[in-house]
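# Coordinates in review
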2 protein chains.
Amino acid sequence: MATLEYYFEDFSVGDTFDLGEYTFTAEEIVTFARQFDPQPFHLDEARGRASHFGGLIASGWHTCAIMMRLNVDRLLSRSSSMGSPGVEQIEWLKPVRPGDTITVTSSTLEVRASKSRPDRGIVRQLWTATNQHGEEVCRFRGTGMYLRRPVERA
Amino acid sequence: MATLEYYFEDFSVGDTFDLGEYTFTAEEIVTFARQFDPQPFHLDEARGRASHFGGLIASGWHTCAIMMRLNVDRLLSRSSSMGSPGVEQIEWLKPVRPGDTITVTSSTLEVRASKSRPDRGIVRQLWTATNQHGEEVCRFRGTGMYLRRPVERA
């Protein structure tokens, strides 16, 4: 079994993880929108310009999906993650436009041993995406379940 | 200008909208996961079976994206929607597996005129996805901005 970097015990309140960055292209914005969120301002630059957004913008769900991808690559894939029961309070604070680069971080808000399952615990983190102008574009609180570090036997 | 079916005035607390249904295939689950959520139990049936989920399951973000698509097709595209500032309390209650069909509804929790912008209002709705066994698999509360119905001039 591969050794993992992050078990439940490895999270402490106040920890911050740099989850990397991602640059959105117009093509990807439109591809996601055609499949999942075909509103005019997500589909086409001209129709975006005609809207109150003033141009093509990414679906908020696309931004969240990219934040998830960065989290999997940098943190979850190296961890004992067992999935998530949910997410609280997604805020889409500013539009994400073609060419925008978001930088994503997560910081640990709460760590709590599971009462019913002694092999695992719950970690609550605040995820934020900030664009190249230093503006927060999206934030939410996510809850994850993680296995505890296995006891080494002598 | 096309006449829209739903302006701010057309939402009332307690209204329920049937947003239709969607059946997930293994191929779509894996395609979404490769791009946005490459955790083992979203990528491969065998690795799903080896996990505590007992099989391949859809990313919770995939379920949300499909719920959004149904909402756009059945409601938002016929409405004066101006987008959403966010979503509260996403709960991923049960796994969604290949072949599962979800039925999605939204029901109106709150309607509120904007104080700062007299041309629009805010509608809060509860979205739920229920599988073919009658089990809720995902729910969240979403907030949308809608323009008011234009005044007709004589």
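Residues numbered from 1 in each chain as written. Chains lettered and ligands numbered in written order. Predicted model: local features only at pLDDT ≥ 70, side-chain atom pairs only at ≥ 80, totals over all residues. Heavy atoms only, no water.

- As recorded in an unreviewed UniProt entry, chain A goes by the name Dehydratase, listed as coming from Pandoraea faecigallinarum.

## Quick look at the relation of the copies chain A and chain B
- Expressed as a screw operation, the relation of chain A to chain B combines 0.0 Å of axial shift with a rotation of 180°, fitting to an RMSD of 0.0 Å. In the structure described here, the two chain copies are related by an operation that fits a two-fold rotation axis.
- The share of interface residues of chain A whose copies in chain B are also at the interface is 100%, consistent with both copies meeting through the same surface. (Least-squares fit on C-alpha atoms with pLDDT ≥ 70 in both. Contact = heavy atoms within 4.5 Å.)

## Regarding the sheet that holds strand β5 (residues 136-147) of chain A
- Overall, antiparallel pairing links the 10 strands, which are arranged β1(A)-β3(A)-β4(A)-β5(A)-β2(A)-β2(B)-β5(B)-β4(B)-β3(B)-β1(B) in an open sheet. Here the strands that pair on one side only, and so sit at the sheet edges, are β1 (16-23) of chain A together with β1 (16-23) of chain B. With strand direction ignored, the average angle separating the axes of adjacent strands in the sheet is 20°.
- Where β1(A) meets strand β3 (residues 101-113) of chain A, 6 bridges bridge the pair, whose relative direction is antiparallel. Counterpart to Tyr22(A) in the pairing with β3(A) is Ile102(A).
- Sheet strands in contact with helix α4 (residues 60-74) of chain A are β1, β2 (86-92), β3, β4 (120-130) and β5 of chain A together with β2 (86-92) and β5 (136-147) of chain B, and its direction is about 125° off that of β1(A). (Pairing = 2+ DSSP bridges. Helix = DSSP H or I, 4+ residues; strand = E, 2+ residues; numbered from the N terminus. Axes fitted to C-alpha atoms, helices over the stretch in contact; angles between N-to-C directions.)

## Observations concerning the UniProt feature "domain: MaoC-like" (unreviewed entry) in chain A
- When the UniProt feature table is mapped onto this chain, "domain: MaoC-like" (unreviewed entry) is found at residues 13-115 of chain A.
- Helix makes up 35% of residues 13-115 of chain A and strand 27%. Its end C-alpha atoms lie 19 Å apart. (UniProt positions renumbered as here; feature names shortened; annotations may be inferred.)

## Points about the confidence of the model for chain A
- Within chain A, residue pLDDT values average 95, and 97% of them lie at 70 or more.
- With pTM at 0.95, the complex prediction returns an ipTM value of 0.95. (pLDDT = per-residue confidence, 0-100.)

## Observations regarding the interface of chain A and chain B
- Chain A puts 33 residues into the contact, and the matching count from chain B is 33 residues.
- For the chain A and chain B pair, buried surface summed over both sides reaches about 2,700 Å², with 65% attributable to carbon and sulfur atoms.
- On the chain A side of the interface with chain B, the three residues burying the most area are Phe36(A), Trp61(A) and Trp92(A), jointly 25% of the side's total.
- Remark: the boundary between chain A and chain B carries 0 salt bridges.
- On the surface where chain A and chain B come into contact, there are 12 residue pairs in polar contact (both at pLDDT 80 or more). (Buried area = accessible area lost by both parts, 1.4 Å probe. Salt bridge = Lys/Arg side-chain N within 4 Å of Asp/Glu carboxyl O. Polar contact = N/O pair within 3.5 Å; in protein donor to acceptor, adjacent residues only side chain to side chain.)

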